[in-house]
Each structure stands twice: as structure tokens, then as C-alpha cells.
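# Notes for the structure review
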Amino acid sequence: MEVATKLRRRPTRIAALTGGLGVALVAVTSVIAGIGEYERRSAAASMEAATEAHFLADHADRLFEVSEIGLTAATNLLGEQSWDAVSGSQVTQQQLRRLADAMPYIEDFWFNDERGLLRITSFGFPTPFSDASDRASFIAARQPGHDLFIGDLIVGKVTKRPTFLVSRRLETADGTFRGMASVTADLAYFTDYWKDLSLSYDSRVMLFRAGNFGILARYPDVDDDVVTIGTTAQRAIGAAVAAGSAAGSYSGDRFGSFEQVGHLPLYISLDISRQAVFDSWKAWAWTRAPLPILAALGFVAVTLFAVRQARAEARDKLELERAQVALRLANEELR
């Protein structure tokens, strides 16, 4: 009798097992698809960051090329005039003003003498008083060399606007230090371009100096002094520089890519938060969730139906067997 009971239970167990495997298959398939979609989105975001960092670095480099051309042209306007002659020449000042106006995103030219005093600027006439002797750009200009110096983000002593100086050392014919020529660029050159890009997720773009990682421009421009270049990015950039590479990627709570701006000690980075990618994936998962849920419910419904049918068949079979036993016993009694 026990063997018969086990045999009668077998169809029910087979039906339940088949349904359970179906539900498990739907669940496993959904999980694999979900993981694959998240990895795809993360990989696409990383590729976008690397691609955009390259183009953003190229775009940024054009402004510094224009700045260098402008500094050369402005210096040629002054020629060999003495500082006293330059500071009293409204004609020279107006020429500098026209030159600045003719160059997109160039704000003003500034010329400081060997003491750091401002002697002429396209900003206005007569020349306002300003002493740049304490500025990092002027300290750098005192050292021999002709490379462009990119200063930190500052508030102009004259303009009172946030900016940074692109400067160069001035020398006399015999190589004696004569002062500093500098140009201020409109930060909108970067932000106007960056905000028009169709960047995904919560992409963040930053232009920063190598060495101290001081941020010169960023988008979105949030009112938050805590925004810095993350430690993982700093380590990645340091490793890339040590390896002689101008580009690379980094990963942490925010992941992204960076690239050097031309041959300058500047970098552009574009990063994205992992949370933003996850939130996007979660929204996608919710839109896809009904299908595997309906499939799983379908398996459950079919399984329950099959189990009920198997149990009903088992009961009918058991009743039939009992009837046959009763009939056999009755026949035996009649003999």
C-alpha cells in the first residue's frame, strides 16, 4: 500500500518539479539579462567618458593656442617702448582693446613690469593700479623660460571676476627679465560648449591643473567648494604621467576618463557616478519586470493546475482500485 501511495504521488511531484524549474529558469534568465544590461550600460558610459574627454581636451587646447597667438601679437604692439611710454599711451591701450575684441573668448591683455606693477591693459585707460608680485604667475615669470604658465582660478584684482591667467615671461634683447605678459580668458568658452553637449547620466566635466589639481572650470557649475578631483582620479593621473601617457581612466564612486590638454600642464576629465548608472538600470528593470513576472505566474498557474489534475487522477485511481478490491472480495464471498 505504501508503494502504491508513493507511485500515486509521483505525478504530483513531477508536475510541481517541472513548474518549479520553469519558475527558476525565468528567474535565472531575468537575473542574467539584468546583469548583462547593467554591464552594458556601465561599459557604454565608460566608453563615452573616454571619447568625450578626448574631444573636450582638443576643444580646450584651441583656447590656449589662441591665447598664445594673442600674447605674441599684443607683445609686438608694445615693441621696444619703455614702460613709462606704454603706460601713458592711450593709443596703445586702444590697440590692445581692439585686439582683445577681435579674439573670441579673450577678455583682456595685461602687462606687468619687472616689479610686478600693472603698466597697461586692454581693460581700461588710464591703467588701474595692480600689483601682481604675489601672484604665482608672476613668480613663475621671474624664472627663465618661455613656456606658457597657467595660473590657478582667481578673482581678478581689477575686474573682480573669477578667471585664470595665461602668462609668459618678458625679456629684453639681452635676456634680462622685463616683466610679464598675460591674458585672461572668458570661462564661458568652456561652460557654453560643455552645457550644449548631450552628456548622459550625471556627467561632470572639469578642467584642472596638473600638480595641485586646482579646478579652473567645471560643469555643471554647482555652488559647492567641496568639489575636488577625487583621490582615485589623482592616483590614475599620477600613474599615467609617470608612464608617459596623456590619457587614462579611473574608477570609484565616480568613474571616468581624463586627457591632457595639448602639451600643457592641464587635464580635462569627464566622470559619471555609479549611482546614476544604477538608477538608470533600475528604471529599465522596472519596465521589463512585468514580462518575467507574468511568465513566472504563468508557470505557477500551470503547475497548480497540473498538480490539481494529478491529485484528482490519483484520487480517481485510488477509488477505482478500492472498488476493484471490494468487487473481488464480494465475488470471493459468493463462491
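Structure first, text after, so check above.
Please read all numbers here as calculations on a predicted model, not as lab measurements.

Okay, unusual backbone geometry next. Going from F125 to P126, the amide bond is cis rather than trans, its omega being 0°. Notably, K160 is not glycine yet its phi reads approximately 65°, a positive angle. By the secondary structure assignment, K160 is in the loop between β4 (154–155) and β5 (162–163). Although it is not a glycine, F213 sits at a positive phi angle of roughly 55°. Taking relative accessible area as the criterion, F213 reaches 18% and is therefore assigned buried.

Under the criterion given, the structure shown has 14 aromatic pairs. Note on Y105 and Y189: the rings are 5.1 Å apart at their centroids and 75° apart in plane angle, and the pair reads as edge-to-face. Taken together, the residues Y105 in the loop between α3 (90–102) and β1 (106–113) and Y189 in helix α5 (residues 188–195) connect sequence positions 84 residues apart. Under the relative-accessibility criterion, Y189 is labelled buried at 11%. Within the aromatic cluster, the residues linked to one another by ring pairs are F64, Y105, F164, Y189, F190 and W194.

For the rest of this paragraph, the subject is the pattern of salt bridges. Under the defined criterion, the tally for this structure stands at 16 salt bridges. A salt bridge links R97 to D108, with the nearest nitrogen and oxygen atoms 2.5 Å apart. With R97 in helix α3 and D108 in strand β1, this residue pair connects regions lying eleven residues apart in the sequence. Judged by its relative accessible area of 3%, D108 is buried. A salt bridge links R204 to D271; the nearest nitrogen and oxygen atoms lie 3.0 Å apart. Of the two residues, R204 sits in strand β8 (residues 204–209) while D271 sits in strand β12 (residues 266–273), which places them 67 residues apart along the sequence. Taking relative accessible area as the criterion, D271 reaches 2% and is therefore assigned buried.

Here we take up the sheet that holds strand β3 (residues 149–150). Across the sheet, five strands lie side by side as β2-β1-β7-β6-β3; this open sheet has antiparallel pairing. Each edge of the sheet is formed by a strand with only one pairing partner; in this case those strands are β2 (118–121) and β3. As paired strands, β1 and strand β7 (residues 177–185) are joined by seven bridges and run antiparallel to one another. In the sheet register, F111 faces β7, and the bridge partner there is A181. Sheet strands in contact with α3 are β1 and β2, and its direction is about 145° off that of β1.

The antiparallel open sheet is built from five strands, whose spatial order is β9-β8-β12-β11-β10. Since the sheet does not close on itself, it has two edges, and those belong to β9 (215–219) and β10 (247–250), each with one partner. Taken pair by pair, the neighbouring strands of this sheet meet at an average axis angle of 15°, ignoring direction. The strands touched by α5 are β8, β9 and β12; relative to β9, the strand with the most contacts, the crossing angle is about 25°.

The rules behind the values
Residues numbered from 1 in each chain as written. Predicted model: local features only at pLDDT ≥ 70, side-chain atom pairs only at ≥ 80, totals over all residues. Heavy atoms only, no water. Helix = DSSP H or I, 4+ residues; strand = E, 2+ residues; numbered from the N terminus. Buried < 20%, exposed > 50% of the residue type's maximum accessible area, 1.4 Å probe, protein only. Phe/Tyr/Trp six-rings, centres within 6.5 Å; stacked < 30°, edge-to-face > 60°. Salt bridge = Lys/Arg side-chain N within 4 Å of Asp/Glu carboxyl O. Pairing = 2+ DSSP bridges. Contact = heavy atoms within 4.5 Å. Axes fitted to C-alpha atoms, helices over the stretch in contact; angles between N-to-C directions.

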